[in-house]
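A look at the structure
Single-letter residue listing:
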Amino acid sequence: MEAPVHSNPLLLVLSGPSGVGKDLLLSRLREAGRPYHFTVTVTTRLKRNGEHDGMDYHFISTRQFESMIANEELLEWANVFGNYYGVPKSQVMDAMARGQDVILKIDVQGAATIRSLVPDALFIFLAPPSGEELERRLRGRNTESDDALIARIEQARHELQEAEKFDYTVVHHTDATDEAALEIEDIIRRERHRVPPRKIQL
């Protein structure tokens, strides 16, 4: 599908705690051929089973990432549980220059940074049905040591309290990814008719 061109494209920041299903939701939007530009985060963490370099993340070395920091090539970056994550400025600026809406998937800490840099971006918090369900999902991934898992669960519980700082909250129920994707698309359509429109300046 050819991406529509907008004179005032949106920058949508999708955030939420680990385990809430951000990657799954974005994969569903991509599979549906939605005409958004999906930024691809660069990270130094190891690739998990089923992930694809250049689609889920750009997997790079610590030296490469630190070079990007030094050259101010990142819109936002953070060290999360010992791994770097960041959003390349070029991806966002190039897409918006084309008049294309941009969806930026980022953790809650990163969303706070983007809010300070681009306050008129559209912020959507993806939430689990409950804290208990989120913990079940995190434990079910089996990708971390016990200590790392406990730390991630504690951080996720803290991040759930940040939802009120976002423009919208979308609950991602188990086996209801299509419904969550449709809700996000409905939010984008409504924001397209917002008066006054959001003014995105990078």
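Check the entry above for the structure.
Presented here is an overview of the structure given in this document.

**Points about the overall build of the protein chain**
Helix and strand counts for the protein chain stand at seven helices and nine strands. The C-alpha atoms of the protein chain give a radius of gyration of 16 Å, which matches the 17 Å a tight globule of 202 residues would have. Its C-alpha atoms give the protein chain principal-axis dimensions of about 50 × 40 × 30 Å. Considering the protein chain as a whole, with its 202 residues, one finds that 47% of them fall into the buried category. Across the protein chain, every contact between residues at least 6 apart in sequence was considered, and the portion connecting residues at least 24 apart equals 69%. Across the protein chain, the mean location of the 25 positive side-chain charges is 2 Å away from that of the 32 negative side-chain charges.

**Some remarks on the pattern of salt bridges**
Under the criterion given, the structure shown has 17 salt bridges. Here Glu31 makes a salt bridge to Arg28, at a shortest N to O gap of 3.7 Å. Within this pair, Glu31 and its partner Arg28 are both found in helix 1 (residues 22-31), separated by three residues, close to a single helical turn. Classification of Arg28 as partly exposed rests on a relative accessible area of 28%. For Arg157, the salt bridge goes to Glu154, with nearest N and O atoms at 2.8 Å. Of this pair, Arg157 and Glu154 are both found in helix 6 (residues 146-160), three residues apart, which corresponds to roughly one turn of the helix. Each of the salt bridges in this network shares a partner with another, and the network as a whole consists of Glu135, Arg139, Glu154 and Arg157.

Parameters and conventions
- Residues numbered from 1 in each chain as written.
- Predicted model: local features only at pLDDT ≥ 70, side-chain atom pairs only at ≥ 80, totals over all residues.
- Heavy atoms only, no water.
- Helix = DSSP H or I, 4+ residues; strand = E, 2+ residues; numbered from the N terminus.
- Rg over C-alpha atoms; globule rule 2.2 N^0.38 Å.
- Buried < 20%, exposed > 50% of the residue type's maximum accessible area, 1.4 Å probe, protein only.
- Contact = heavy atoms within 4.5 Å.
- Lys, Arg positive; Asp, Glu negative; His and termini not counted.
- Charge placed at Lys NZ, Arg CZ, Asp CG, Glu CD.
- Salt bridge = Lys/Arg side-chain N within 4 Å of Asp/Glu carboxyl O.

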